[in-house]
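Commentary on secondary and tertiary structure
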Amino acid sequence: MDGKDKDHVLSLKVMRLTRPSLFMGLSIGCDARDLPGDHLNAEIRNDMAIPAGLPNTGVGQMLLLPQSFGNIYLGETFSCCLCVHNDTSELVREVSIKAVLQMSNQRLSLLGEDENEPLQNLEGNETVNEVIQHEVKDIGTHILVCTVNYLSTSGEKQSFRKFFKFQVMKPLDVKTKFYNAESDEVYLEAGVQNITSGPLCLEKVDLEPSPYFNVTPLNHLPQDSKSLVFGQMNVVNPHDTRQYLYCLKPKLEAKNNPSALRQATAIGKLDIVWRTNMGDRGRLQTSQLQRMAPQYGDVRVTVEKIPSMVRLEEQFDVGLSITNICERVLELNLDFLSGGGGSEWSGVSSRSLPPLQPGESTQLTLHIVPLQTGLQTIAGVRLTDTFLKRTYKYENLAQVFVNNEKSEEKQAFFSSWMNFGA
């Protein structure tokens, strides 16, 4: 980017400082039995831009200097060099350079804000260079305003100003999903998509939890806690997406305050660090991620103990925890409805529970008899608030697999007897 007024003796150039790229060679080969013979292959071997031994990759072994201003992405560091040159053969005194970056919502001084900084003198055909760097934190249009002040040969104060506009684009698209478990755990699924024009190497994708939670990343191999499931080099090509999973468990002080935990919607922030294919570093931190708080009303029921597999028509136990998450004392009545078709509750069908203070829990052991095989849903629990006459029905407390092992043993015996008779 150049700038010079015809009435001024100084000229200004602004050059962006970026890393070079790899030169892409044009490799066109053919089989030696074809009409061109070995001529095309010989041209590839003689091309100094194509690495020896890898003629068909197209990726060169030479670096190519930037040919344009290029793209700037959010989270990267914008670096540029301001070059002021004296186009005359005479001395120009008290030269100063100021650089201000204008964004949509603010104005940031990058150079020349110190008024006590000594001014420079430029001899004829001499040049002064200044390098500025700024971590880009906003997307949209940015304008770099450069101002040059100096004293002319006649002692008159002179100045000129140049404007350089560039766009800052979004490098990543982050989409999140939340899953609220019955055990107060929260699972966060984060999809990080590369929307730049080149590949990115994701060095770090960490979740910084809010004060209510502890986080456990679920993105590493079971046998090696330091190895990512994506491999040693987590390279994401343009428009590809990486899925990350995190488990957030409430801290002890949060578990002891159910009402506060229920209102805690802030989960944390994602901290993402990446590098481009030439090693340029970028870093982004999302805003506070918000989940939809689960709605339990005034009372919450969780399954604390249940077997994963049971036998048909054999009674088993289910452990429930009933918690008061409101600010008043609860007096509840427990009723057993139909077990959902695949099972039936065993015991007294209705009873009153002891009063529950705010934040207090009570543990119950219930008995149920499975009547159908397969994966069955445990349902049919109803709680009634005797003061407000409000009812809470739980139609999907948990699931259990019902197996008919006795029938399988009889069938195996009958099958073996038939084979013996044959």
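Residues numbered from 1 in each chain as written. Predicted model: local features only at pLDDT ≥ 70, side-chain atom pairs only at ≥ 80, totals over all residues. Heavy atoms only, no water.

**Looking at a nonpolar patch on the surface**
Put simply, the rule reads: Each patch is built from salt-bridge-free residues with over 30% relative accessible area, joining like charges within 9 Å and nonpolar side chains (Val, Leu, Ile, Met, Phe, Trp, Tyr) within 5 Å. Exposure was quantified through the Shrake-Rupley algorithm and a 1.4 Å probe, taking into account, for residues, occlusion by the shown protein chains and nothing else. A carboxyl oxygen of Asp or Glu within 4 Å of a side-chain nitrogen of Lys or Arg is what we treat as a salt bridge. Helix and strand definitions here come from DSSP, where helices need a minimum of 4 consecutive H or I residues and strands a minimum of 2 consecutive E residues; each element is numbered from the N-terminal end. Classification of residues uses two cut-offs on accessible area relative to the type maximum, computed with a 1.4 Å probe and protein chains only: under 20% is buried, over 50% is exposed, and between them is partly exposed.
A cluster of nonpolar side chains, namely Met-309, Leu-375 and Phe-401, defines an oily patch on the protein surface of about 300 Å² accessible area. Relative to the elements of secondary structure, Phe-401 occurs in strand S34 (residues 398-403). You can call Phe-401 partly exposed: its relative accessible area is 35%.

**Focus: the pairing of strand S14 (residues 186-194)**
For clarity, the cut-off: Pairing between strands is defined by DSSP: at least two bridges between the two strands are required.
Pairing between strand S13 (residues 172-180) and S14: 9 bridges, direction antiparallel. Paired with Asp-173 across the two strands is Gln-193, which belongs to S14. Where S14 lies against strand S20 (residues 241-250), 8 bridges are found, and the strand directions are antiparallel. When the bridges of S20 are listed, Tyr-187 appears paired with Cys-247.

**Structural notes on the sheet that holds strand S25 (residues 309-311)**
Going by this rule: For helices, the fitted axis covers only the stretch in contact; all axes are lines through C-alpha atoms, and the angles between them, taken along N-to-C directions, range from 0 to 180 degrees.
Pairing within the open sheet is mixed, and its 3 strands lie in the order S25-S34-S31. Of all the strands in the sheet, the pair left with one neighbour each is S25 and strand S31 (374-378). Here the average twist between neighbouring strands, direction ignored, is 40°. Direction of pairing for S31 relative to S34: antiparallel, over a ladder of 5 bridges. Within S34, the position partnered with Ile-378 by the bridge is Ala-398.

**With respect to the state of the cysteines**
So the rule is basically this: Two cysteine sulfurs form a disulfide in these notes if their separation is within 2.5 Å.
The full count for this structure, using the stated rule, is 0 disulfides. With no disulfide partner, Cys-83 has as its closest neighbouring cysteine sulfur the one in Cys-81, 6.1 Å distant. With a relative accessible area of 14%, Cys-83 lands in the buried category.

**Observations concerning the pattern of salt bridges**
The final tally for this structure, using the stated rule, is 11 salt bridges. With its nearest N and O atoms 3.4 Å apart, the salt bridge here joins Arg-328 to Asp-298. Of this pair, Arg-328 sits in the loop between strand S26 (316-324) and strand S27 (332-336) while Asp-298 sits in the loop between strand S23 (289-290) and strand S24 (299-305), and the two are 30 residues apart along the sequence. The salt bridge involving Arg-382 is made with Asp-335; its shortest N-O contact spans 3.4 Å. Of this pair, Arg-382 sits in strand S32 (residues 381-385) while Asp-335 sits in strand S27, and the two are 47 residues apart along the sequence. Through salt bridges with shared partners, one network takes in Asp-298, Arg-328, Asp-385 and Arg-390.

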